[in-house]
Amino acid sequence: MHTIGTPGLWLAFSLLVVVALVVDFVVLRAGGAHKVSFKEAALWSIAWIMLAMLFNLGLWYWLDGHVGPELANETALQFLTGYVVEKALAIDNIFVFLLIFSRFGVGPELQQRALMIGILGAIVLRAILIFIGAALIARYHWILYFFGAFLVYTGVQMVRAPNDEADFEANPLLRWMRGHLRLSAEYHGTALSVVKDGVRWFTPMFVVIMLLAVTDVIFAVDSIPAIFAITEDPFIVLTSNVFAVLGLRALFFLVAGMAERFHLLNYGLAGVLSFIGVKMLIVDAWKVPIGLSLGIVALLIGASLVASRLFPKID
């Protein structure tokens, strides 16, 4: 498979992600379990976005000096478009995360730890799925058509049932855990398991984290094919995905307090998935310019946000 990723670029990216995660863990530990304010979430969201843009700028600068401005400009635009798409689709994850936290009574002071562990799992799982997807596309080009049709179908389903809530009681993973693990009824801080009278019990926090991980995998089935419509380079696919996921914890607390205000966002996301699906289906007839793709994605998301404010949800 073709990629701009050299060993040096992969190493630089990996080190940057490790340092960012370590800093995030240190700050989380230093702050202790607490309710995240809107201001704190906004500042952290800006910081994560700036980190992603600085990485993109550094990538452009390196490519400009080694392979020329044309490829540098195209790659930087691909990264930006992929990042915007993944960031927007991550908001849909957040609505489900809110349902999970509400269903299992996870207090605001415990949500940070659950999200942090969930993010680590998401990075690993998405990396595996991305490399599998890249290998399949490199060998079987027709898979792009399958991905495209699947995204159009997903977009249509989101429009037909925009307010469907997850049925946790029917969730196979939750049913399996209840049938095979000893689950305690009460939380024990951030502990995932406790030992009582020599017997290990798993806490509700463990259940929540498992559900967060599975939820992210389900959403990755939509989001990863979406970014392959923008670029088939696994380096750009993975880096834009990871940087979008890194800021998920801050984005969660930023969006959590405004979820009701974004009630029409699902329609915008449905439009994005459908557009990208069509883009995949016509890839051999016409390759939609990256700049045009970015503009359409931004327009669809922006329009749904503006519409949400102009037409408030009626209870």
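Everything below is about the structure shown above.
Conventions and cut-offs
Residues numbered from 1 in each chain as written. Predicted model: local features only at pLDDT ≥ 70, side-chain atom pairs only at ≥ 80, totals over all residues. Heavy atoms only, no water. Helix = DSSP H or I, 4+ residues; strand = E, 2+ residues; numbered from the N terminus. Rg over C-alpha atoms; globule rule 2.2 N^0.38 Å. Buried < 20%, exposed > 50% of the residue type's maximum accessible area, 1.4 Å probe, protein only. Contact = heavy atoms within 4.5 Å. Areas by Shrake-Rupley, 256 points an atom, 1.4 Å probe, with all protein chains shown as cover. Axes fitted to C-alpha atoms, helices over the stretch in contact; angles between N-to-C directions. Parallel < 35°, antiparallel > 145°, perpendicular 65-115°, else oblique. Left-handed = near helix turned anticlockwise from the far one by under 90°. Nonpolar A, V, L, I, M, F, W, Y, C, P; charged D, E, K, R; others polar. Expected span 1.5 Å × (residues − 1). Arc of directions from axis to C-beta.

Quick look at the overall build of the protein now. Of the regular secondary structure elements, the protein holds 11 helices and two strands. When the helices and strands of the protein are read in sequence order from the N terminus, they spell out α-α-α-α-α-α-β-β-α-α-α-α-α. Relative to the 2.2 N^0.38 estimate, which gives 20 Å for 315 residues, the radius of gyration of the protein is 20 Å and therefore close to what a compact globule would have. Its C-alpha atoms give the protein principal-axis dimensions of about 65 × 45 × 40 Å. Within the span of the protein, comprising 315 residues, buried residues form 48% of the whole. A fraction of 80% describes how many contacts in the protein between residues 6 or more apart in sequence connect residues 24 or more apart. Roughly 15,500 Å² of accessible area belongs to the protein as shown, and the carbon and sulfur atoms make up 68% of that amount.

Two numbers describe how helix α2 (residues 38–66) lies on helix α3 (residues 69–103): the axes approach to 8 Å, and their chain directions differ by 160 degrees. Taken as axis vectors, α2 and α3 run roughly antiparallel relative to one another. The way α2 lies across α3 gives a crossing that is right-handed. In this structure, α2 uses Trp48, Ile49, Ala52, Met53, Phe55, Asn56, Leu59, Trp60, Leu63 and Asp64 to contact α3, whose residues at the interface are Pro69, Ala72, Asn73, Thr75, Ala76, Phe79, Leu80 and Tyr83. Of the residues that constitute the contact of α2 with α3, the class distribution is 14 nonpolar, three polar and one charged.

Time to look at the environment of Leu192. Looking at the secondary structure, you find Leu192 in the loop between α6 (172–180) and β1 (193–196). On a C-alpha basis, the gap between Leu192 and Pro204 in space is 7.6 Å, while along the polypeptide they are 12 residues apart. Contacts of Leu192, omitting those with residues within four sequence positions, involve Trp201, Phe202, Thr203, Met205, Phe206 and Ile209.

In this model helix α5 (residues 143–160) runs 26 Å from its N-terminal to its C-terminal C-alpha over 18 residues, within 8% of the 26 Å that 1.5 Å per residue would give. Residues of α5 that are buried include every one of Ile143, Leu144, Phe147, Gly148, Leu151, Thr154, Gly155 and Met158, and no others. Relative to the axis of α5, the buried residues are bounded by an arc of 140 degrees and lie together on one face. In α5, the exposed residues that point more than 90 degrees away from the buried face are Phe146, Tyr153 and Arg160.

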